Amino acid sequence: MRTNLASATAIALFLSLSTSAAHAEEVTAWRLFISDHADPKVTVIDAVDGGKLDTFKIKGPASLHRSESGRTVFAVQGSAGVVTGIASGISFEDHGEHGDIDVEAPKLAGVEITGKKPSHFVEHDGDFAAFFDGEGVARIISEKVVLEGKSDFREVKTDAPQHGVAVTYGSHVLLSEPNREKPDELPVGIRVADEAGAPIGGIHACPDLHGEASSGNILAFACATGLLVVSHRDGTPAIRHLPYADSLPDGKTTTLIGGRGLQYFLGNYGADKVVLIDPTVESNAFRLISLPTRRVHFAVDPVRAKYAYVFTEDGQLHQLDVVKAEIANSLKLTDPYSMDGHWSEPRPRVAVAGDKIVVTDPLKGVLHLVDATSFEKTGDIAVEGKPFNIVSVGGSGQTHEGE
Amino acid sequence: MSRTLKLAAVMGVITSLPIIPSVAAAENLKVVASFSIIGDFAKNVGGDRVDIITLVGPNGDAHVYEPKPADAATVGSADVVLVNGLQFEGFLQRLVEASATKAPVVELTKGGEVLRNTEEEGHHDQDKAAKGEEGHAAEAKEGHEEGHHHHGEFDPHAWQSVHNAELYVKNIADAFCAADAAGCDTYRANAESYGQQLAALEEEIKAAVAEIPEDKRTIITSHDAYGYFEHEYGIKFLAPEGVSTESEASAADVAALIKQIRQDKASAIFVENVTNPRLIEQIASETGLKIGGELYSDALSDENGPAATYLEMMRHNITAIKGAILGS
Ligand SMILES: [Zn+2]
């Protein structure tokens, strides 16, 4: 256990903060959590000074998710059958006129959720739902409970193992419906379950369901036929189908991310395109953007709402203007990373940490830093192994004496 | 951008083109209004010299509105952007940033009498009124990371006082004059004649309130949208939700309100067009108050509704309030 070490670091950090913070002071803190493509570990890096804060040993190579609040990072280890909770150490408290930031050492939260083949991991309003494909079961836990170090989850079952997804929605849960005729294929729709797990209404068709995201108060699932768009109606989810426009070429979205600050969705569409989606309109909802080569990864900018980023196999990072629906800037960062070969091979991933865009370069063992304002490369941070998935947490806030 | 300059530029184009485009339409001032009530004011001041796009439309809730990339494009190509300010539009800062607009973003509550947000007390007291310029100082703070916004120090619903509506109209006329000097006389004349309608409206409201016995002037709505109405006209409003609809009322807030309703002997309860009616229905059934209808708080109705304009909205509200109280 690392508890002792972690708390010692926390005390040291606390002392250094309180000596410099005689009164209210603006503090900026950003942390990068990076998983390795081969080794079971998560490395934590201080994005402000580039120094390594800690390395957490986990059970298998992981994909990473950060919570909306940024207080928790989850390592989903599909092959090892476990989801591990990590307390990021950075939290904010809203005081109306200002926000307070609290910075402690990152540490393992002491929470593990085990099961067969964990896959999609989705947060909605502070509740996390981890879907375990091998069982067709979702295990749901709140952030509050995770940060208390308790592994108290509740379970919601679907009818069969599937590469599925679950999303909590108030007292309801949205669950993917397995393909009964062809159990190895993607789910065929979404059904709504009440608090007790009983289905409400029928199945909302969503063939080849894969990919979901939230943007503001709207949740969306990607289907072969379009999007399922979920919004509130008197406290219950209202679900409608937004079909792909006839003007789009053949294709479908299988990875979806949600805009922050502006409400939109960004999805893949064919190997060398992305699509911007306004889920609130009936016509002109889809705007297709062609990329110079095949797409490796994409991310939205949570600070500069106007921008999203796409990394392509030629080693370029592209700045996407989501208002104009066009590539505004491109920057060569790495050697080519061909999309030939297995989807899970080590390839770059993108995260945004305040005014920096960070791109992992697994085969070189570095993180590339790009200034988000000038869109110029500003530096590298070396990371042992093959740095792969990356998430960032942080921001600015005030600290006060005695806190 | 100066209207005169643009006109000259277009004239140059016209002389070289055999087909004359619709000059009047092309030359109108492009105005973006943040929500429906401001859109209506702008229409009354701008007349046919302006084209108005309203971001948060009829029955929409600007407190929790999520701007789209298309809204950023709209704001980006505007000549004038009209907003309420006082952090009513929680989305404003990120939208303006994303739009990269060069247009002036005009806060229409500027220079007005501004009430403090008395959220803790759950309702507004007249002695909490703060006057003057400080009202628009509370700019949305650049807090931590994404789009999160804070409740303001002030109550943003200033249009609920007709007296303040006159200020909105004056500020709109000033903004239009600055953007289009050639139309200034028209804007001033429009503002003047609309101002007369506002003055008449205010007299109607005061006369209606005077008919309500003083001990029956407490009513319930969903959220604290009527602080200015209360301050100006002497109807006391209690609400389970605060000045923003963003955070839901807690069970404790609702229990406290129910207790207060019994003590204050509230005379009527209303649902609002921008909020979910369920909570009000629950409070009505627990207190035995009959729902007196729907009030329009932060948005107009659609064209076919009873509150398609600001004048209609205010008349509808006071008529509904008076009717429910006197009929109870
Ligand atoms: Zn309001």
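Not measured: the values here are computed from a predicted model.

## Notes on the overall build of chain B
And then number 1: Looking only at helices and strands, one finds eleven helices and ten strands in chain B.
And then number 2: Look at the contacts in chain B between residues 6 or more apart in sequence, and 68% of them connect residues 24 or more apart.
And then number 3: Within the structure as shown, chain B displays about 13800 Å² of accessible surface, and the carbon and sulfur contribution to it stands at 53%.

## Structural notes on the overall build of chain A
And then number 1: Helices and strands together make up the secondary structure of chain A, namely two helices and 34 strands.
And then number 2: Rg of the C-alpha trace for chain A: 21 Å, near the compact-globule value of 22 Å for 403 residues, within the 12% margin.
And then number 3: By its C-alpha atoms, chain A is 60 × 50 × 45 Å across when sized along the principal axes.
And then number 4: A buried classification covers 54% of the 403 residues belonging to chain A.
And then number 5: Carbon and sulfur atoms make up 51% of the accessible area of chain A, which totals about 16600 Å².
And then number 6: Treating the 37 positive side-chain charges of chain A as one cloud and the 55 negative ones as another, the clouds have centres 5 Å apart.

## Overview of the coordination of the zinc ion
Residues and elements named next belong to chain B.
And then number 1: Of the protein atoms, only His63 (NE2), His157 (NE2), His223 (NE2) and Asp298 (OD) coordinate the zinc ion, at distances of 1.9 to 2.0 Å.
And then number 2: Note that the zinc ion binds four donor atoms; their angles at the metal cover 96 to 118°, and the shape is tetrahedral.
And then number 3: In terms of primary sequence, the donors binding the zinc ion are separated according to H-x93-H-x65-H-x74-D. Of this pair, His157 sits in the loop between β6 (129–131) and α6 (162–179) while Asp298 sits in the loop between β10 (291–295) and α11 (310–327), placing them 141 residues apart in sequence.

## Here's the deal with a negative patch on the surface
And then number 1: A surface patch of like charges, here negative, comprises Glu93(A), Asp94(A), Asp102(A), Glu104(A) and Glu246(B).
And then number 2: Counting through the fold element by element, Glu93(A) comes out in strand β7 (residues 90–94).

## Some details on the confidence of the model for chain B
All names here are of chain B.
And then number 1: Per-chain confidence: chain B averages 84 in pLDDT, with 82% of residues scoring 70 or above.
And then number 2: pLDDT under 50 marks residues 1–25. Its contacts with residues more than four places away, or in other chains, come to 19 contacts.
And then number 3: This model gives residues 120–150 a pLDDT under 50, and the stretch forms 74 contacts once residues within four places in sequence are excluded.
And then number 4: Across the interfaces of the predicted complex, the ipTM metric reaches 0.88, alongside a pTM of 0.87.

## Considerations on helix α7 (residues 184–210) of chain B
And then number 1: Given a rise of 1.5 Å per residue, 27 residues ought to cover 39 Å, and the 39 Å separating the end C-alpha atoms of α7(B) matches this to within 8%.
And then number 2: Against the buried residues of α7(B) lie β1 (29–35), α3 (36–46), β2 (50–56), α6, α8 (227–233) and α11 of chain B.

## Comments concerning the sheet that holds β10(B)
Residue and element names in this part refer to chain B.
And then number 1: The strand order β8-β7-β9-β10 describes an open sheet built from four strands, whose pairing is parallel. The open sheet has two edge strands, β8 (236–238) and β10, and neither has a second partner. Ignoring strand direction, the axes of neighbouring strands in this sheet form an average angle of 35°.
And then number 2: Strand contacts of helix α9 (residues 251–264): β7 (218–220) and β8, with the helix running at about 150° to β8, the strand carrying the most contacts.
And then number 3: Contacting β7, β9 (268–272) and β10, helix α10 (residues 278–287) runs over the sheet at an angle of about 165° to β9.

## A word on the nonpolar core
And then number 1: Judged by nonpolar contacts, the single largest core of 96 residues is most densely connected at Leu82(B), Phe176(B) and Tyr310(B).
And then number 2: The leading source of residues in this core is α6(B), at ten residues.
And then number 3: When residues no more than four places from it in sequence are discounted, the contact partners of Tyr310(B) are Ile37(B), Asp40(B), Phe41(B), Trp159(B), Ser161(B), Val162(B), Ala165(B), Tyr194(B), Leu198(B), Leu201(B) and Leu300(B).
And then number 4: Core analysis: the next-biggest nonpolar cluster, separate from the first, contains 18 residues, Val27(A), Val42(A), Phe56(A) and Val73(A) among them.

## A closer look at the environment of Ala238(A)
All names here are of chain A.
And then number 1: Tracing the backbone through its elements, the reader meets Ala238 in strand β21 (residues 236–243).
And then number 2: Taking the C-alpha atoms as reference points, Ala238 and Leu228, ten residues apart in sequence, are found 10.0 Å from one another.
And then number 3: Those residues in contact with Ala238 that sit more than four places away from it in its chain are Val229, Val230, Ser231 and Arg233.

## Observations concerning the packing of α3(B) against α7(B)
Residue and element names in this part refer to chain B.
And then number 1: At a closest axis distance of 7 Å, the pairing of α3 and α7 adopts a crossing angle of 120°. With respect to each other, α3 and α7 are oriented oblique. For the pair formed by α3 and α7, the contact residues are Asp40, Phe41, Asn44, Val45 and Gly46 on the first element and Tyr187, Asn190, Ala191 and Tyr194 on the second.
And then number 2: Looking at the contact of α3 with α7 residue by residue, the classes come out as five nonpolar, three polar and one charged.

## A short note on the state of the cysteines
Throughout this description, disulfide means a covalent bond between two cysteine sulfur atoms.
Residue and element names in this part refer to chain A.
And then number 1: Considering all chains together, one arrives at two disulfides over all chains under this definition.
And then number 2: Paired through a disulfide, Cys206 and Cys223 show a sulfur-sulfur distance of 2.0 Å. Taking the torsion about the S-S bond as the criterion, the Cys206 to Cys223 disulfide, at about -105°, is left-handed. Of this pair, Cys206 sits in the loop between β17 (199–205) and β18 (212–215) while Cys223 sits in the loop between β19 (218–222) and β20 (226–233), placing them 17 residues apart in sequence.

## Topic: α11(B)
And then number 1: With 18 residues, α11(B) extends 25 Å between its outermost C-alpha atoms, agreeing within 8% with the 26 Å of an ideal straight helix rising 1.5 Å per residue.
And then number 2: Tyr310(B), Leu311(B), Met313(B), Met314(B), Asn317(B), Ile318(B), Ala320(B), Ile321(B), Ala324(B) and Ile325(B) are the residues of α11(B) that are buried.

## As for the packing of aromatic side chains
And then number 1: Scanning all chains against the criterion turns up 17 aromatic pairs over all chains.
And then number 2: Ring geometry for Phe41(B) and Tyr168(B): centres 5.7 Å apart, planes at 65°, overall edge-to-face. Pair noted here: Phe41(B) is in helix α3 and Tyr168(B) is in helix α6, with a separation of 127 residues, a long-range link. Both residues of the pair, Phe41(B) and Tyr168(B), belong to the buried class.
And then number 3: Grouped by ring-pair contacts, the aromatic residues Phe41(B), Tyr168(B), Tyr194(B) and Tyr310(B) constitute a single cluster.
And then number 4: Geometry around Phe132(A) places Arg139(A) over its ring, the cationic atom sitting 4.7 Å from the centre.

Definitions and cut-offs
- Residues numbered from 1 in each chain as written.
- Chains lettered and ligands numbered in written order.
- Predicted model: local features only at pLDDT ≥ 70, side-chain atom pairs only at ≥ 80, totals over all residues.
- Heavy atoms only, no water.
- Helix = DSSP H or I, 4+ residues; strand = E, 2+ residues; numbered from the N terminus.
- Contact = heavy atoms within 4.5 Å.
- Areas by Shrake-Rupley, 256 points an atom, 1.4 Å probe, with all protein chains shown as cover.
- Rg over C-alpha atoms; globule rule 2.2 N^0.38 Å.
- Buried < 20%, exposed > 50% of the residue type's maximum accessible area, 1.4 Å probe, protein only.
- Lys, Arg positive; Asp, Glu negative; His and termini not counted.
- Charge placed at Lys NZ, Arg CZ, Asp CG, Glu CD.
- Donors = N, O, S within 2.8 Å, 3.2 Å for Na, K, Ca; no water.
- Tetrahedral: all angles 85-135°; square planar, octahedral: opposite > 155°, others 65-115°.
- Patch = residues over 30% accessible without salt bridge, like charges linked within 9 Å, V, L, I, M, F, W, Y side chains within 5 Å.
- Salt bridge = Lys/Arg side-chain N within 4 Å of Asp/Glu carboxyl O.
- pLDDT = per-residue confidence, 0-100.
- Expected span 1.5 Å × (residues − 1).
- Pairing = 2+ DSSP bridges.
- Axes fitted to C-alpha atoms, helices over the stretch in contact; angles between N-to-C directions.
- Core = buried A, V, L, I, M, F, W, Y, C linked by side-chain atoms within 4.5 Å.
- Parallel < 35°, antiparallel > 145°, perpendicular 65-115°, else oblique.
- Nonpolar A, V, L, I, M, F, W, Y, C, P; charged D, E, K, R; others polar.
- Disulfide = S-S within 2.5 Å.
- Phe/Tyr/Trp six-rings, centres within 6.5 Å; stacked < 30°, edge-to-face > 60°.
- Lys NZ or Arg CZ within 6 Å of the ring centre and 35° of its normal.

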